[in-house]
Amino acid sequence: MSSPSKRREMDLMKLMMSDYKVEMINDGMQEFYVHFHGPAESPYHGGVWKLRVELPDAYPYKSPSIGFVNKIYHPNVDEMSGSVCLDVINQTWSPMFDLVNVFEVFLPQLLLYPNASDPLNGEAAALMMRDKSSYEQRVKEYCEKYAKAEDVGALPEDKSSDEELSEDDYDSGDDDMAVGPVDP
């Protein structure tokens, strides 16, 4: 790669060509949103999050900044700001990695293996260490409440706009309207 800006463009294009929905925030290529699905085999499965990604000027030599826009219950994510514990990415970041690695490796690993000993959300960390099943139940509640496809502006995976509507979908709820002759 000849420059960090070319690398940024290549990594962003690679991410856009993958299975992730990417929304640009402005005209530059440094800030964007990515829709991220919780990993299978985890209490986050079925959740969909919108993540804000900011690429520093020194990317790929410096790791991206990542934050959850909609709420997630996790020891290493600040519940109010959505910030992801930077140590998680910074400790293992290398210019060899790209944006697809962030969404296919780093974030799934973060959700599958939270680090309760270095929390940004102390309550989640304490609950996880004290009562893992209650922690997992709380994670699922947050997924139901804050991380549905419609919460990030996405269509659910099992429905598309060109599917036929069922008879139930055609019901407009106008059952209380008066029925009378139709004007010709």
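Bear in mind the structure is a predicted one, so any value in this text is a computation, not a measurement.

Caption draft 1: Layout of the environment of Leu 86. Mapped onto the elements, Leu 86 comes out in helix H2 (residues 86-90). Considering only alpha carbons, one finds Leu 86 and Pro 64, 22 residues apart in sequence, at a separation of 9.2 Å.

Caption draft 2: Summary view of unusual backbone geometry. For the bond from Tyr 59 to Pro 60, the omega torsion is 15°, close enough to zero to count as cis. Take Pro 60: it is sitting in the loop between strand E3 (48-54) and strand E4 (65-68). For Glu 41, which is not a glycine, the phi torsion comes out positive at approximately 65°. Given the relative accessible area of 79%, Glu 41 is considered exposed.

Caption draft 3: Here's a closer look at the side chain of Ser 42. Within the secondary structure, Ser 42 sits in the loop between strand E2 (31-37) and E3. A relative accessible area of 13% means that Ser 42 is categorised as buried. A polar side-chain atom of Ser 42 sits 3.1 Å from the main-chain amide nitrogen of Tyr 44.

Caption draft 4: Region of the structure containing the pairing of E3. In terms of burial, E3 is largely enclosed, as 5 of its 7 residues are buried. With 7 bridges connecting them, E2 and E3 associate as antiparallel partners. Residue pairing in the sheet places Phe 36 in a bridge with Trp 49 of E3. Where E3 and E4 come together, 4 bridges link them in antiparallel fashion. Its bridge partner lying in E4, Val 53 is registered against Ile 66.

Caption draft 5: Broad picture of a nonpolar patch on the surface. Residues Met 13, Met 16, Met 17 and Met 24 make up a contiguous nonpolar surface patch of about 400 Å² in total accessible area. Tallying contributions element by element places helix H1 (residues 4-17) first for the nonpolar patch, with 3 residues. Tracing the chain through its elements places Met 13 in helix H1.

Caption draft 6: Just the packing of helix H4 (residues 122-130) against helix H5 (residues 132-146), in detail. Look at H4 against H5: their axes get within 5 Å of each other, and the N-to-C directions meet at 135°. Taken together, the axes of H4 and H5 lie oblique to each other. Residue-level inspection shows Glu 123, Ala 124, Leu 127, Met 128 and Arg 130 of H4 in contact with H5, the latter providing Lys 132, Ser 134, Tyr 135 and Arg 138. Of the residues that constitute the contact of H4 with H5, the class distribution is 4 nonpolar, 1 polar and 4 charged.

Caption draft 7: Seen up close, the sheet that holds E2. Taking strand neighbours across the sheet as the criterion, the 4 strands line up as E1-E2-E3-E4 in an open arrangement whose pairing is antiparallel. Of all the strands in the sheet, the pair left with one neighbour each is strand E1 (22-24) and E4. Put simply, the sheet's adjacent strands are angled 25° from each other on average, direction ignored. Against the sheet, H1 touches E1 and E2, its axis set at about 135° to E1.

Caption draft 8: The nonpolar core, seen in detail. Leu 15, Phe 32, Trp 49 and Phe 103 are the most contacted members of the largest nonpolar core, which has 39 residues in total. Put simply, the parts of the chain that give this core at least two residues each are H1, E2, E3, E4, helix H3 (99-112), H4 and H5. For this core, the element with the highest residue contribution is H3, accounting for 8 residues. Once residues within four sequence positions are removed from consideration, Leu 15 is found in contact with Tyr 20, Val 22, Phe 32, Val 34, Leu 99, Val 100 and Phe 103.

Caption draft 9: How the structure looks around the pattern of salt bridges. Going through the model one piece at a time under the given rule, you end up with 6 salt bridges. A salt bridge links Asp 11 to Arg 7, with the nearest nitrogen and oxygen atoms 2.8 Å apart. Of the two residues, Asp 11 and Arg 7 both sit in helix H1, 4 residues apart, roughly one turn of that helix. Each member of the pair, Asp 11 as well as Arg 7, carries the same accessibility label: buried. A salt bridge links Glu 31 to Arg 52, with the shortest nitrogen-to-oxygen separation between them at 2.1 Å. Here the residue Glu 31 occupies a position in strand E2, and Arg 52 occupies one in strand E3, the gap between them amounting to 21 residues.

What counts, and where the lines are drawn
Residues numbered from 1 in each chain as written. Predicted model: local features only at pLDDT ≥ 70, side-chain atom pairs only at ≥ 80, totals over all residues. Heavy atoms only, no water. Helix = DSSP H or I, 4+ residues; strand = E, 2+ residues; numbered from the N terminus. Buried < 20%, exposed > 50% of the residue type's maximum accessible area, 1.4 Å probe, protein only. Polar contact = N/O pair within 3.5 Å; in protein donor to acceptor, adjacent residues only side chain to side chain. Pairing = 2+ DSSP bridges. Patch = residues over 30% accessible without salt bridge, like charges linked within 9 Å, V, L, I, M, F, W, Y side chains within 5 Å. Areas by Shrake-Rupley, 256 points an atom, 1.4 Å probe, with all protein chains shown as cover. Salt bridge = Lys/Arg side-chain N within 4 Å of Asp/Glu carboxyl O. Axes fitted to C-alpha atoms, helices over the stretch in contact; angles between N-to-C directions. Parallel < 35°, antiparallel > 145°, perpendicular 65-115°, else oblique. Contact = heavy atoms within 4.5 Å. Nonpolar A, V, L, I, M, F, W, Y, C, P; charged D, E, K, R; others polar. Core = buried A, V, L, I, M, F, W, Y, C linked by side-chain atoms within 4.5 Å.

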